[in-house]
Amino acid sequence: MRRLLPWLLPLLVAVLGLASVDVGPGPIVKYAVYFALAIALPGTLLLRAAWRSTGNWAEDVGLGSVVGATWQLIGWALFTALGWQRWLIVWPALVLVAFAAFGRRFWRIADPKPLPVAWTWGLAVSSAVVLGVSTVGVMAYHPMPPGGTAYYPDLLYHLSMVHELMRSVPPELPQVAGERLEYHWFANADMAGAVDITRLAPIVVVFRLWLLPWLVVALLVCATLARTVSRTWWTGVLAALALAAPQLYLLVDTSVNLAAPVSFLSPSQTFGMVAGVTVAVFLIELLFRNAGGWLWVVAVAVAIVGGGSKPTVLPLLVAGVGLAAVFLLVTTRRVPARIVIAGTALVAVGVGTMLTVAGSTNGSGVQFLAVLKSLPVYTAATGDTTQPGAGGLIVPALAHGAVVGTLTLLLGLLLTLQAMALVGFGVVGRRDPVAWFLLGAMIAGWAGYLLIDHPSVSESYFIYTAAPFSLAGAGWFAATSARAARRPVWVAVAAFGLSVIYAGLFVWARGVPAGPPSRQLWASTRLLLVVLALTVVLLLVWRRFLRQAGSGLFVVLMLLAIAPISSFIQSAVHGDTEKSPTYRAPRWVVYPDEASAALWLGSHSAPTDVVATNTWCRPAGPQTPGCDARGYLVSGMAGRRTVIEGWAYTNQAMAEQGVGGRRYTEQPSPWPERVALTNQALAAPTADVLRRLRDEYSVRWVYADARDGTVSPALDRLAVLRHSVGKIKIYELGE
């Protein structure tokens, strides 16, 4: 009971948080029961049967939930391909029935190894933080349709894929009916499975319910990885706190997204990271701790889920196994067969997922330090105005001689924005292949971050995916240092105190008027250099003159604490950065008649119906060349396939990044014939044109938005007007 009591805190926070964002008790209870009985419990039983228990329920449930989601995805694919989606609940029920009949020993832990109650409280408090800030700080900022005035486009895009994955395997591209969906959509398939089993509205699952349990699972599996490599219980708490602490500013601020590495706007990042960390735990047991048997099958299956969720996952795992193999080859003159098998399997999975589901990578190139172009002060510091995806093999500012400004930006980026991904390098030099496994993953993450140039700066996901590996390495490094320190508690107190001072200085520096952005950058950088120098001096005094150990613990804790403390102080002092209680970006405004008409269409049409619409660009207005092709009103809100809608996230569009000086989001449609036919059907319809829509694209409905272009009165005669509200008319085409 002592270990169950702390978990009531995050449960209460989740319920109250969801209630504050208009989710009633019915959906909350239904989804909680679903996740517990259809994901966590079946997965935990399968994990114990294939491997063993970790010795405690919390870590079993964390790893088991990922295994359970993998099992659900297998069932989802089979049942959806056969058209049996409504019976998907049978799939997890089969596991429960089988274990109730033949595997009762797996319902309990045969060799209990309970973690301290302090570990439980640490994870419970961390979970309460991320659940609370997710609901009141992020979800409240993104109302569910139709309650908002604007919607972040990625949320509607993910919603469109959930609808698609509820009706078809293999899935089609919902914005271009008949084309294959090329995207890392496994997180969306997990959502689709949740909708199939719970019968809840896809909007509620995507905008509210799906993320919360996976945030808790993320903390659990990252804590498990940290404890596994360090064999010290409190390193798991450190990892969980390090993931939760950056979210604290959301208690006094609202934001469009959670602080990385978890994400509300990118469920693929959260789901892929969780799968990748779980595979890492399994690989450590398989390759370095003599596990075997069915765990190999489980590890490969979860690796497939990771690769199908985010393209950044498998490169890190392959690099980890590869560097561990190099270490063993150098130190023992041999590479164990199991490492060769694991590396080969991961490469095969990576190639397979890249060729089948890991889309949205087109338009990417190689450019050293391209990520610096995403910083707001980059142009001011360097004078370079090139877009992402352009500029050669080296970031143009560096290639053209703006060395000082570029290196200043890089220093600030490394020491402030990505400290979480740096602290793990303290394991360098250890004569343990596990350390080199972590180093391989971290090096791959940093290599992707610093070398890849993606049109949407998605190279950042490499470093986000590497963060849990870095936290595990940092915990290991800190645990070793703490064992050598005579007073580790005082070391921790000193690190926290100095972090508060440094964070206050950074906030003060940001608030001091300094003229143009370039001058402000130099002012902040000088402070950064002073802080760095002062820290080095303090560490030297600590080690050389006071003869005290524990400097590693000091550095780890300070690096992990400065960023969350400074962001919290910054938000508390300077107020809400978003300046509005809900998301209201003018570009992404959806008018009430547009939203209500889309929801009407979704409830009055069949899931496989195809719609012709002129809503492919946002904001609403004439759909002229160069408009932002991220319109997902019909495919997202209505949940229906379209002849053509927003094409920006297709591989074909992303490959055109920079053509004509435009971003990929503003490129012409890769399917101009569909655009032309749709425009003709709405502006100058004839019986033959509408017949072409039916015969060539199986169109049954026309969603006509008068804001987006001419809607001919002739449609009233050539088709059946089924719904009209404001400037929207919805027609049904006859047979």
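As a reminder, the structure under discussion sits directly above these lines.
Basis of the calculations
- Residues numbered from 1 in each chain as written.
- Predicted model: local features only at pLDDT ≥ 70, side-chain atom pairs only at ≥ 80, totals over all residues.
- Heavy atoms only, no water.
- Phe/Tyr/Trp six-rings, centres within 6.5 Å; stacked < 30°, edge-to-face > 60°.
- Helix = DSSP H or I, 4+ residues; strand = E, 2+ residues; numbered from the N terminus.
- Buried < 20%, exposed > 50% of the residue type's maximum accessible area, 1.4 Å probe, protein only.
- Patch = residues over 30% accessible without salt bridge, like charges linked within 9 Å, V, L, I, M, F, W, Y side chains within 5 Å.
- Areas by Shrake-Rupley, 256 points an atom, 1.4 Å probe, with all protein chains shown as cover.
- Salt bridge = Lys/Arg side-chain N within 4 Å of Asp/Glu carboxyl O.
- Axes fitted to C-alpha atoms, helices over the stretch in contact; angles between N-to-C directions.
- Parallel < 35°, antiparallel > 145°, perpendicular 65-115°, else oblique.
- Left-handed = near helix turned anticlockwise from the far one by under 90°.
- Contact = heavy atoms within 4.5 Å.
- Expected span 1.5 Å × (residues − 1).
- Polar contact = N/O pair within 3.5 Å; in protein donor to acceptor, adjacent residues only side chain to side chain.
- Nonpolar A, V, L, I, M, F, W, Y, C, P; charged D, E, K, R; others polar.
- Pairing = 2+ DSSP bridges.
- Core = buried A, V, L, I, M, F, W, Y, C linked by side-chain atoms within 4.5 Å.

(A) Highlighting the packing of aromatic side chains. Under the definition given, this model contains 25 aromatic pairs. Taking 5.9 Å as the distance between ring centres and 80° as the angle between the ring planes, the aromatic pair formed by Tyr 141 and Tyr 583 counts as edge-to-face. With a gap of 442 residues between them, Tyr 141 in the loop between helix 5 (117–138) and helix 6 (153–165) and Tyr 583 in the loop between helix 22 (551–574) and helix 23 (592–604) connect regions that are remote in the sequence. In this structure, Tyr 141 and Tyr 583 share a single accessibility class: buried. Centroid distance Trp 210 to Trp 214: 6.4 Å. Interplanar angle 40°. Geometry classified as tilted. Residue Trp 210 is classed as buried on the basis of its relative accessible area, which comes to 2%.

(B) Broad picture of a nonpolar patch on the surface. Taken together, the side chains of Leu 5, Leu 8, Leu 9, Leu 11, Val 15, Trp 121 and Val 125 make up a nonpolar region of the molecular surface, amounting to roughly 590 Å² of accessible area. Residue assignment for the nonpolar patch shows that the elements contributing at least two residues are helix 1 (8–20) and helix 5. It is helix 1 that provides the largest number of residues to the nonpolar patch, a total of 4 residues. Structurally, Leu 8 is set in helix 1. For Leu 8, a relative accessible area of 49% puts it in the partly exposed group.

(C) Unusual backbone geometry, seen in detail. Omega for the peptide link from Ala 260 to Pro 261 comes to 15°, which places this bond in the cis form. Looking at where Pro 261 falls in the secondary structure, it is placed in the loop between helix 10 (233–244) and helix 11 (267–288). Cis geometry is adopted by the peptide bond preceding Pro 619, which originates at Arg 618 and carries an omega value of 0°. If you trace the backbone, Pro 619 turns up in the loop between strand 3 (610–613) and helix 24 (633–638). Non-glycine residue Ser 698 carries a positive phi angle of around 60°. By secondary structure assignment, the location of Ser 698 is in the loop between helix 27 (687–697) and strand 5 (699–705). A relative accessible area of 52% means that Ser 698 is categorised as exposed.

(D) Spatial organisation of the packing of helix 7 (residues 186–198) against helix 8 (residues 202–209). Contact geometry for helix 7 and helix 8: axes closest at 9 Å, N-to-C directions at 125°. Taken together, helix 7 and helix 8 sit at an angle that is classed as oblique. Every pair of crossing elements has a handedness; the one defined by helix 7 and helix 8 is right-handed. Contacts from Met 191, Ala 194 and Val 195 of helix 7 reach helix 8 at Pro 202, Val 205 and Val 206.

(E) Spotlight on helix 23. With 13 residues, helix 23 extends 18 Å from end C-alpha to end C-alpha; this agrees with the ideal 18 Å at 1.5 Å per step. By the burial criterion, the buried members of helix 23 are Asp 593, Glu 594, Ala 595, Ala 597, Ala 598, Trp 600, Leu 601 and Gly 602. On the buried face of helix 23, the contacting elements are strand 3, helix 24, strand 5, strand 6 (720–725) and strand 7 (728–732).

(F) View of the side chain of Ser 127. Looking at where Ser 127 falls in the secondary structure, it is placed in helix 5. Here the side chain of Ser 127 touches Leu 123 through a polar contact of 2.8 Å, landing on its backbone oxygen. The contact partners of Ser 127, leaving out residues within four places of it in the chain, are Trp 7, Pro 10, Val 216 and Leu 219.

(G) Region of the structure containing helix 1. Counted at 1.5 Å a residue, the expected span for helix 1 with its 13 residues is 18 Å, and the 18 Å between its end C-alpha atoms agrees. For helix 1, the elements touching its buried residues are helix 2 (25–50), helix 5, helix 8 and helix 9 (211–230). In the stretch just after helix 1, Asp 22 is the one whose phi turns positive, near 70°.

(H) A look at the pattern of salt bridges. Per the counting criterion, the structure on display carries 20 salt bridges. In this structure, Arg 692 engages Glu 696 in a salt bridge whose closest nitrogen and oxygen atoms are separated by 3.0 Å. One end of the pair, Arg 692, and the other, Glu 696, are both in helix 27, 4 residues apart, so they sit about a helical turn from each other. Taking relative accessible area as the criterion, Arg 692 reaches 40% and is therefore assigned partly exposed. The class of Glu 696 is partly exposed, set by a relative accessible area of 44%. Residues participating in the shared-partner salt-bridge network are Glu 164, Arg 167, Glu 172 and Arg 641.

(I) Highlighting the packing of helix 6 against helix 7. As a packed pair, helix 6 and helix 7 sit with axes 8 Å apart at the nearest point and diverge in direction by 60°. By the criterion of interaxial angle, the relationship of helix 6 to helix 7 is oblique. Along this stretch, helix 6 crosses helix 7, giving a crossing that reads as right-handed. Together, His 158, Met 161, Val 162 and Leu 165 of helix 6 and Asn 188, Ala 189, Met 191, Ala 192 and Val 195 of helix 7 make up the contact between the two elements. A per-class count over the contact of helix 6 with helix 7 returns 7 nonpolar, 2 polar and no charged.

(J) A look at the pairing of strand 7. Of all 5 residues in strand 7, 4 are buried, a share of seventy percent or more. Bridging between strand 5 and strand 7 involves 5 bridges; their strand directions are antiparallel. Bridge pairing in strand 7 links Trp 701 to Glu 732. Pairing geometry for strand 6 and strand 7, over 5 bridges, is antiparallel. The residue bridging Leu 721 from the neighbouring strand is Tyr 731, located in strand 7. Hairpin connection from strand 6 to strand 7: 2 residues lie between these consecutive antiparallel strands, with Gly 726 at a positive phi of about 55°.

(K) Representation of the environment of Glu 172 in the model. Along the polypeptide, Glu 172 turns up in the loop between helix 6 and helix 7. Its relative accessible area of 23% is what places Glu 172 among the partly exposed residues. The spacing of Glu 172 and Ala 150 is 22 residues in sequence and 27 Å in space, taken between C-alpha atoms. Ignoring anything within four residues of it in the chain, the contact list for Glu 172 reads Glu 164, Ala 177, Gly 178, Glu 179, Arg 180, Leu 181 and Arg 641. At 2.8 Å, the side chain of Glu 172 and the backbone nitrogen of Gly 178 are in polar contact.

(L) Molecular detail of the nonpolar core. Counting residues in hydrophobic clusters, the biggest one holds 188 residues, and the most contacted among them are Trp 185, Trp 214, Phe 282, Leu 317, Phe 437, Phe 469 and Tyr 703. With 15 residues, the single largest contributor to this core is helix 9. Counting 18 residues, the second-largest nonpolar core is a separate cluster that includes Leu 677, Val 689, Leu 715 and Leu 733.

(M) Structural view of the environment of Arg 662. By secondary structure assignment, the location of Arg 662 is in the loop between helix 25 (651–654) and helix 26 (672–683). Each C-alpha atom, one on Arg 662 and one on Ile 562, is 38 Å from the other, the two residues being 100 residues apart in sequence. Excluding its chain neighbours within four sequence positions, the residues that come into contact with Arg 662 are Gln 387, Pro 625, Gly 626, Glu 656, Gln 657 and Gln 667.

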